[in-house]
Every structure is written in structure tokens, then in C-alpha cells.
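Structure at a glance
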Amino acid sequence: MRFHEQMKSLFYNRWLVFVASMWVQSCSGIGYMFGSISPVIKRNMGYNQRQIAMLGVAKDLGDAIGFVAGSLCEIAPIWVVLFIGVAQNFLGYGLVWLSTKHTLPEMPLWVLCVCIFVGTNGETYFNTGALVSGVQNFPKSRGPVVGILKGFAGLSGAILTQVYTIFNFPDQASVIFIVAVGPTIVISSVMFVVRPVGGHRQVRQSDGSSFLFLYGVCLILAAYLLGVLILQDVVDLNQTTVTWLTVGLLILILLPIGIPLFLVFFSSSESQNSAAETLLNNDQKQKMIVYEQDGNEVIMSEVEDEKPSEVDSLPAHERQKRISHLQAKLVQAAADGAVRVNRKKGPRRGEDFTLMQALVKADFLLMFFSLVLASGSGLTIIDNLGQMCQSLGYENPHVFVSMISIWNFLGRVGGGYFSEIIVRKYAYPRPVAMAGVQVVMAGSLLYYAVGAPGAIYVVSVVMGLCYGAHWAIVPSAASELFGLKSFGALYNFLALASPTGSLIFSGVIASGIYDYEAKKQSSVKHHVFHDNEELTCYGTICYSITCGILSALCIIAVFLSMIVVHRTKRVYAQLYGNSRA
């Protein structure tokens, strides 16, 4: 009987849901495999770089247009959302694989674009289901939860690549088969576990230790993958060794299941009342006072607008006492008819926004356009990494694609961790972390633009870290400033920023400059270029001008992010000032 109760407790444990969400994310970042599959498609289908860029834009659009997934999360169970994603991924990339293998008749470019769009769009359902469950089950640990979940999505490229090496397929086109089948198997097996389970009522004193354990696993996993990649690059490993190395990788991915198992079966019962009470009190401090008068709901304005300016200079506990006293006086005055409380026109920052309400807020739009410039630049590099490696003479771009996935993973985990320190310890706006990583992005792109030695390694590491950090920082900041009620829709709209930038930066600028330089090199060799001929460019010049342009765009993004920081200082001081004290 006790075992039955423990199993039921395990099934509703928020840590089990979190671990299952990590597994979903570990194979859901299929878009990051494009750097590996694009050279295969280019060679087998005879496409030029501009055509490959169009496939990349279709992939980016599919990866970002998640309005349906975001809206569906509000009305349907999470398993339905995940199932739709599985169906789309399997159908889309399955058709791409069959076409590339020439099992099906050759399809026009636009049909392949649709297939890649549909297949990659499945990723939005995976991301939305995992993230919505995560932030709802861990409302007071948004930075770490979003960082770890998005981190595993960023690592999925390296994981799927490593799994691909086990099977020793005779042709490289089979990497597309892995992209179609791998996520289908994994996510189908855990789709009924991933869901909100009232995690805000499961707060434990050991939560901090559990997160530290996960961070340790993340670091070990990244170091292990990096070591395996380096070993495979410098040593000719036999198939048995490769298999055992991949088994070790899978064991590390499964290791976090120990957290819910330990908490349910081996941990002594902890008193959760005090922690839950603290959580409730903190939530109440952020809620608005609601007063009904003559049957009409009247919502008072934020206390930060009503309090005297000298209250800010008081100690934290005294400031909260004065604010609470002011709240009580205003409610009583409204009840007596001594003051007239104006009805709000809409929510204020820190409350729950719908997507349409957020779209008219300057902070939301500034974050979006900052992402267009910065994450669009990062995605352009990720999409073109295979061609960048080939232009520099590297025969195996898989190593660099996997490397950028590893650094992407660490960037997301680290972005969530350090941005959480910024808000918890200093009560400073989380977007300042976004501005910081954009400065580093601009520097690394400039380093490649000037043709410095080892630039491809620097770009792989830095762009992976910084691009990944964006997707831990921005969703957390959006949930803080615009609430959790419509988080799925808000997140998926912000995710449009990457393909919006990539549509211009990769589809027009990068591919245009690449083809121009390739034609220029061919003309020097007195080669007559034909319309359907594959263009190949060699040397750093192929992408140096592009990187210089992207560097300048990242600097503009820094200024936009700092405007958000300036505008939200007061909001973050109110949200986190008390926890800091």
C-alpha cells in the first residue's frame, strides 16, 4: 500500500515532470542540426548556397512560429501539444530524408521548404509544453528552470549527432533519418508525464541542493561531450569505442531521474508549510488589491505609483510596512467613499498580460527588436557554420556543429544561473545580462571579420554561449514583466525574433555575399559559371564582411537592451527588493 502511494506521489512530483521535460528538450532542438544536414541536402540535391539559405529560412520560420502551440497550451492538455509536435517532426523530416535519398521523386525546392517548415515547427510544441510546465511548477525558480530546459534543447544537436555515430550508417543522408525518428521515440514515451502538477505547493528546503546537483550534471555532461568530440577528431576510434562513449552520454542524460526517486523513496518527510507560506506571502506582495464597489470591479494602481517618494529610502522591512499601511488606508478610504479609485485601463508590468496587451508595451517591443538583431545574428552563424567550416578547408563540419551545441547548452544554463543572481542578489533588471552577452557577441564577430587566427573556434564557442544565454534570459524576463498566464503565447512571439533576423541576415546578406565572392573567385580562374551550378567559396573573405555587419547590429542591440534595463529598474526593485533583504 505504501509503495502504491509512493508511486502516485512520484507521478505527481514536480521534479519528475522537470526531468521528463529535460529529456523532451534533449532531442527537441532539431533546428540546430541544420548545419549538419544542409551540406548533405546541398550535395544530394545539387542546390546552390542561396537555395540552401532559403531552406534555412524555412527552418527558422518553422522553429519560431509557435502561436498555435502557445494558444493550445491554454486550452488543451500538454500531452496533446507534444503529440502534435511529434507528428509534425516525423512527417516533415521523414519526407526530407526520403527525398534526399531519392526514394521519392525529386521534389521542387518549395516543397522541401514546406517539409522542413512543418518538421521544425514540431519543435515549438516541444519547447512550449516543456517550458510552460516548468515555469508553472517552479514559479520562484524561473531563471534556473528556463536555463536548464533551454540548455538541453541547445545540446540536442550534439546528442543526436553522437547517437548517429552509433549506427555507422553507410551514407550521410541518414543523419536526417535520426532527426525524424529520434525525437519521435523519446517524446512519445514521456508525453503523459510532462504537465503542470501544482508545483508551487511542493516547495522543499532541499530544492536548492537539487538545482546544484542538476548544475553539476550539466557541467559534467558538457565536459564529457566536449572530450568525446575532441577524442573523435584526433583519434580514429573503432565502432565499439564509439558505442560505449555514447552509452556513457545517455547515462549522464538519465542521471537526473535520481532527484525525484530520492525525494519520494528515500528522503525523510520535510515540513513544507513554512516554505509554502513564504511563497504565498511573496505572491501576495505582488498582487493588486481588488475592491468591488456597486458591483463593478475596481483594481487599484500599483503601490509604486501611490507611495511617497521618501519611502524608497527606507530599509526594506520598514518600506514594506509603510506600503502595507498605505494599501490599507486606500482600501478603507475607497470603502468610505472618501476617495475615488480609478479603474485601470490594463495590467501593469509584473502582472498577467495577454499577448495583445504586451504588444503595445514599449518594453516588450524593445526586447523583441533587440532579439531580432542579436539572436538573428547568432542564428545566422549557426545556420551557416557548415559552409563557414568548408570555406576554411575543414572537411568535417559535424565537429563544429556539435561544439556550438555544447556551448549553446552552457550559455543557456549559465545565462539562467547568473541572471538569477542579478535579480535575487542585487534586485537589478534581468535584461542587463542580455546586454552583456550582446557586447561579447559583437566582439567575437569582429574578431572573425578581421581574419584573426583561430577565428572559427572563437566564433563557435562565443556565439554558442551568447546565443544560448539569450534564450534563458529573455523568457524569464518576459514572465517577470508580463506574467505567466499567457506565457506560452508571449514566448512564442519573442521566438519569432530569430527567424525575422535570419530572413534578412542569412537569406539576403550572408548568402548574397557568399555567392558574390564565389563567382568572383571563379572568374579569376576563368571559369564560366552556369545558372544551376553549385557555388563554392574559399577563405575567410566568404563570411568576414557578413560578420562585420552582424557585429555592428549587435552593438545596436546592446543599446536597445539597456533602454529596457533603465525602464524596468523600479519594477525589479519592487519584485525582488524584499527577497534581497
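Here the structure is shown first, and the text comes after it.
Notes on the structure in this doc start here. (Residues numbered from 1 in each chain as written. Predicted model: local features only at pLDDT ≥ 70, side-chain atom pairs only at ≥ 80, totals over all residues. Heavy atoms only, no water.)

1. Remarks on the overall build of the chain
Here is the rule: Every helix listed is a DSSP run of H or I at least four residues long, and every strand listed is a run of E at least two residues long, numbered separately from the N terminus. The rule is simple: take the accessible area with a 1.4 Å probe, protein chains only, and divide by the maximum for that residue type; under 20% is buried, over 50% is exposed, in between is partly exposed. What makes two residues a contact is simply this: any of their non-hydrogen atoms within 4.5 Å.
A count of helices and strands for the chain gives 23 helices and 2 strands. In the chain, buried positions account for 56% of the 581 residues. Looking at the chain alone, contacts between residues at least 24 apart form 84% of all its contacts between residues at least 6 apart.

2. Notes on the side chain of Ser141
For Ser141, the location among the structural elements is in the loop between helix H7 (109-137) and helix H8 (142-167). Not counting the four nearest positions on each side in its chain, Ser141 is found in contact with Phe211 and Glu420.

3. A short note on the packing of aromatic side chains
Our working rule: Here is the rule: rings of Phe, Tyr and Trp (six-membered ring for Trp) pair when centre to centre is within 6.5 Å. Planes less than 30 degrees apart are stacked, more than 60 are edge-to-face, and the remainder are tilted.
Considering all chains together, one arrives at 23 aromatic pairs under this definition. Between Phe353 and Phe482, the aromatic rings sit 5.1 Å apart at their centres with planes inclined by 85°, giving edge-to-face as the arrangement. With Phe353 in the loop between helix H15 (316-336) and helix H16 (355-358) and Phe482 in helix H20 (residues 455-482), the pair connects residues that are 129 residues apart, well separated along the chain. By the ring-pair criterion, three or more aromatic residues cluster together here, those being Phe67, Phe353, Phe364, Phe368, Phe369, Phe482 and Phe493.

4. What to know about the state of the cysteines
Note on terminology: a disulfide is the covalent bond linking the sulfur atoms of two cysteines. Just so we agree on the cut-off: Counting rule for disulfides: a pair of cysteine sulfur atoms within 2.5 Å.
Throughout the structure, instances matching the rule amount to 1 disulfide. The side chain of Cys537 participates in a disulfide bridge whose partner is Cys542; the two sulfur atoms lie 2.0 Å from each other. Taking the torsion about the S-S bond as the criterion, the Cys537 to Cys542 disulfide, at about -95°, is left-handed. The buried category is assigned to Cys537, whose relative accessible area is 0%. What makes Cys542 buried here is its relative accessible area of 0%. For the unlinked cysteine Cys466, the closest cysteine sulfur is that of Cys554, found at 8.8 Å.

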